[in-house]
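Fold and geometry: a report
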Amino acid sequence: MQINTVWAAYFSATDTTKKVVTQIARRLSQQLQCPMQTFDFTLKHVRKTPKAFAAGDLVVFGTPVYAGRVPNLLIKYVASVQGGGALAVPVVCYGNRNYDDALSELRLTLTAGGFHPVAGAAFSCQHSFSLTQGAGRPDISDLTIATGFADQVYHKVEALPSAEACLPLFVKGNDPVGPYYTPRDRHGNPINILPVKPKTKDTCTQCGRCAKECPLEAIDPADAHNIVGKCMKCNRCVRHCPKGAKYFDDPNYLYHKTELEEQYTWPRKEPELFL
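Residues numbered from 1 in each chain as written. Predicted model: local features only at pLDDT ≥ 70, side-chain atom pairs only at ≥ 80, totals over all residues. Heavy atoms only, no water.

1. Focus: the side chain of lysine 233
Here lysine 233 lies in the loop between helix H5 (209-213) and helix H6 (236-240). Here lysine 233 is buried and forms no salt bridge, its nearest opposite-charge partner aspartate 250 lying at an N-O distance of 9.0 Å. In this structure the side chain of lysine 233 is engaged in a polar contact, spanning 2.6 Å, whose partner is the backbone oxygen of leucine 194. A polar contact is formed between the side chain of lysine 233 and the backbone oxygen of valine 196, at a distance of 3.2 Å. For lysine 233, the residues in contact, after removing those within four places along its chain, are Ser128, Phe129, Ile193, Leu194, Pro195, Val196, Phe248 and Tyr253. (Helix = DSSP H or I, 4+ residues; strand = E, 2+ residues; numbered from the N terminus. Buried < 20%, exposed > 50% of the residue type's maximum accessible area, 1.4 Å probe, protein only. Lys, Arg positive; Asp, Glu negative; His and termini not counted. Salt bridge = Lys/Arg side-chain N within 4 Å of Asp/Glu carboxyl O. Polar contact = N/O pair within 3.5 Å; in protein donor to acceptor, adjacent residues only side chain to side chain. Contact = heavy atoms within 4.5 Å.)

See below:
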C-alpha cells in the first residue's frame, strides 16, 4: 500500500525511546522512499493539543514503560491522539526488568484511537533510575535489530492492499491490562514512591533548564528547589542538569533502585518483535 509519511512519535525523557523509535522510522522512510517527520511529545506544552494523523501515515509510536505499563500520567494523552486510519508500530522501552502489559496497553490504546497496528516491539534500554542497569542501551546490537525489524515491517506494509486489510496484531501482554507493578521492601511490603520528588544541591545556578525540560512542568522556573507539581520520576532533570545538581534521596526510592539493579541488570534481555 502507499505510505505518504513515516512518523517517529515518542515520549522520551532520557532519550532512549527516541533512539529506538527514530532508528525504526528512519529505516522505514528509506525503504518506503517517503519523507520522515518527528513528533516528540515529551514536553507538556506539546501535549496540550491532541495530535491528528491520517490515512497514508505510518507512525512508529514509542513510550517508556513505568511499572510495567504505559506511564499513568501519559496514557490519557496517548488516548487523545487521533489515528485517522494510519498504520502504527507501537514500541515500548523498559529497564530490563519486564514490560509486562505496556505493549498490549499501547496497542489497545492506539487501536481505540483509530490506528491500525501493523507490528510492535519491546526494547530493553538503560533504566531511567540507574547508570548501571542496561547501561548504554540501546546499543549497536539493539539498533541493528531495530533496523532489521523495520525491514520486516516494510515487507509487511508493501504486501497490504490497504490499512483496513491489516489483521489484528498479537503482542505479549494481557487484554484487558493488569495492575501496575508494585515495588516491595525486603519483607514483601509495598513501597510507595509516587509522592517522591527530586532534591537540588547548592551547586544549582538556577539556569532554569530543569524547569524548561520537565515533562510535567513540575519545577518552579523561578526556583529549581521548589517542585510545584507531580513528579513522574523520569529523571530527565537529573540526567540533563549541567551541574549535576538534581538528585533523589528518598530511602524507599533508593531501596527500589538498588533492588532493580541487583535483580534485573542481568541477564541481558533482547528486543522482542511482533509482526
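2. Let's talk about helix H1 (residues 16-32)
Under the 1.5 Å per step criterion, the end-to-end length of H1 is 25 Å for 17 residues, consistent within 8% with the ideal 24 Å. Taken together, the buried positions of H1 are Thr16, Thr17, Val20, Val21, Thr22, Ile24, Ala25, Leu28, Ser29 and Leu32. In the core, the buried residues of H1 are packed alongside strand S1 (5-10), strand S2 (36-40), strand S3 (57-64), strand S4 (87-94), strand S6 (120-124) and helix H4 (140-159). Immediately beyond the C-terminal end of H1, within one or two residues, lies glutamine 33, with a positive phi of roughly 55°. (Expected span 1.5 Å × (residues − 1).)

3. Considerations on unusual backbone geometry
The step from arginine 137 to proline 138 runs through a cis peptide bond, and the omega angle for that step is 10°. Tracing the chain through its elements places proline 138 in the loop between S6 and H4. In this structure, the amide linkage connecting tryptophan 266 to the following residue, proline 267, adopts the cis form with an omega of 0°. Counting through the fold element by element, proline 267 comes out in the loop between helix H7 (251-264) and strand S9 (272-274). The backbone of aspartate 15 shows a phi angle near 75°, a positive value even though the residue is not glycine. Positionally, aspartate 15 belongs in the loop between S1 and H1. Of note in this structure, glutamate 217 is not a glycine but carries a positive phi near 55°.

4. As for the pairing of S4
A large share of S4 lies buried, amounting to eight of its eight residues. Every second residue of S4 is oriented toward a common face, with Leu87, Val89, Val91 and Cys93 on one face and Ala88, Pro90, Val92 and Tyr94 on the other, all of them buried. The sheet contact formed by S3 and S4 spans seven bridges and is parallel. Its bridge partner being in S4, leucine 58 is matched across the sheet by leucine 87. With helix H2 (residues 75-80) bridging S3 and the parallel S4, this β-α-β connection has right-handed handedness. Judged from the two bridges that link them, S4 and strand S5 (residues 116-117) form a sheet pairing that is parallel. The partner of alanine 88 across the bridge, within S5, is proline 117. With four bridges connecting them, S4 and S6 associate as parallel partners. Of the residues in S6, the one forming a bridge with tyrosine 94 is serine 124. (Pairing = 2+ DSSP bridges. Right-handed = clockwise from strand over helix to strand, strands pointing away.)

5. Here's the deal with the pairing of S6
Judged by how many residues are buried, S6 sits mostly within the fold: five of five residues are covered. Pairing of S6 with S9, which is carried by three bridges, proceeds in the antiparallel orientation. By the bridge assignment for S9, alanine 122 is matched with glutamate 272.

6. Observations regarding the packing of aromatic side chains
Counting across every chain of the model gives 12 aromatic pairs. One Lys or Arg, lysine 51, reaches over the ring of phenylalanine 39 and ends 5.4 Å from the middle of that ring. In this arrangement the basic side chain of lysine 51 is found over the ring face of phenylalanine 53, its NZ or CZ atom lying 5.6 Å from the centre. (Phe/Tyr/Trp six-rings, centres within 6.5 Å; stacked < 30°, edge-to-face > 60°. Lys NZ or Arg CZ within 6 Å of the ring centre and 35° of its normal.)

7. Topic: the environment of alanine 163
Within the element layout of this structure, alanine 163 appears in the loop between H4 and strand S7 (199-200). On the basis of relative accessibility, which here comes to 6%, the residue alanine 163 falls in the buried class. For the pair formed by alanine 163 and lysine 212, sequence separation is 49 residues and the distance between their alpha carbons is 39 Å. In this structure, alanine 163 is in contact with Met1, Gly85, Leu87 and His116, ignoring residues within four places of it in sequence.

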